[in-house]
Amino acid sequence: MKKLIYALTVSALFASCATLQSVVRSTFPYTSTLIIPASSSTSTNMSVSSSASSFDQIFTGQGTNTSQVSQVRMASAKIDAISPSIQSLGIFRSVKVYLVNGSNQTLVASRTNISANAASSLVLDVDNSKFLDEYLKSGSVRVKVDYVLQNKLTVDLSVRATLGFNVPPTAQ
């Protein structure tokens, strides 16, 4: 009977640790503002890039625990029209978002076959199959967006790319 109680207690303890870890798992956002020039051609692959920033110093290479961060994956990605804020993002035919570190880049989110009547906010499909530790711990994160327009812009379009990254808790 004591063995059964002990086994149940140990099982409950491990189950609660897993539950706690899933609650503690954190998502950290990075944002980048990009300008899509009105001079962009339609039906042609175009590209813009900009630096990205996060409020969390652990990811910027400035934190003292940067070496403790590992197994970072994409959690979410979206693009919002900033100026003009009512601009439909249906002007895009496709969008691909990359993280850039020097000459290396990796695709982290994309969306194809975008509806012409899309809203001013567009949720992207993320690729969470890759670890992105080295991109985020490098100290300077850049975001590159490849896009194809389906309609011509009349003014420059300012968009904000918001990328969310998952970081699991680490055992100390």
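Residues numbered from 1 in each chain as written. Predicted model: local features only at pLDDT ≥ 70, side-chain atom pairs only at ≥ 80, totals over all residues. Heavy atoms only, no water.

### What about the nonpolar core?
Phe92, Val97, Leu99, Leu157 and Phe165 are the most contacted members of the largest nonpolar core, which has 39 residues in total. Elements that contribute at least two residues to this core include exactly β1 (26-36), β2 (45-52), β3 (73-83), β4 (92-101), β5 (104-111), α2 (133-137), β8 (141-149) and β9 (157-167). At six residues, the largest contribution of residues to this core is made by β9. Aside from chain neighbours lying at most four places away, what touches phenylalanine 92 is Ile36, Ile114, Tyr147, Val148, Leu149, Gln150 and Leu157. (Core = buried A, V, L, I, M, F, W, Y, C linked by side-chain atoms within 4.5 Å. Buried < 20%, exposed > 50% of the residue type's maximum accessible area, 1.4 Å probe, protein only. Helix = DSSP H or I, 4+ residues; strand = E, 2+ residues; numbered from the N terminus. Contact = heavy atoms within 4.5 Å.)

### Concerning the confidence of the model for the protein
Per-residue confidence for the protein gives a mean pLDDT of 81; residues scoring 70 or more make up 74%. Averaged over each element, pLDDT in the protein is lowest for helix α1 (residues 2-24) (51) and highest for strand β7 (residues 125-126) (96). The low-confidence segment residues 15-25, where pLDDT is below 50, has six contacts with residues more than four positions distant or belonging to other chains. (pLDDT = per-residue confidence, 0-100.)

### What about the pairing of β5?
With seven bridges joining them, β4 and β5 adopt antiparallel strand pairing. Its bridge partner lying in β5, asparagine 101 is registered against asparagine 104. Connecting β4 to the antiparallel partner β5 that follows it, the hairpin turn spans two residues, and glycine 102 within it adopts a positive phi of roughly 65°. Where β5 meets β7, two bridges bridge the pair, whose relative direction is antiparallel. (Pairing = 2+ DSSP bridges.)

### Observations regarding the sheet that holds β2
If you walk across this open sheet you meet the five strands as β2-β8-β4-β5-β7, and the pairing is antiparallel. Where the open sheet ends on each side, the last strands, each with one partner, are β2 and β7.

### Concerning the side chain of serine 32
Among the structural elements, serine 32 can be located in strand β1. A distance of 3.1 Å separates the side chain of serine 32 from the backbone oxygen of serine 51, its partner in a polar contact. Excluding residues within four positions of it along the chain, serine 32 makes contact with Ser50, Ser51, Ala52, Val143, Val159, Arg160 and Ala161. (Polar contact = N/O pair within 3.5 Å; in protein donor to acceptor, adjacent residues only side chain to side chain.)

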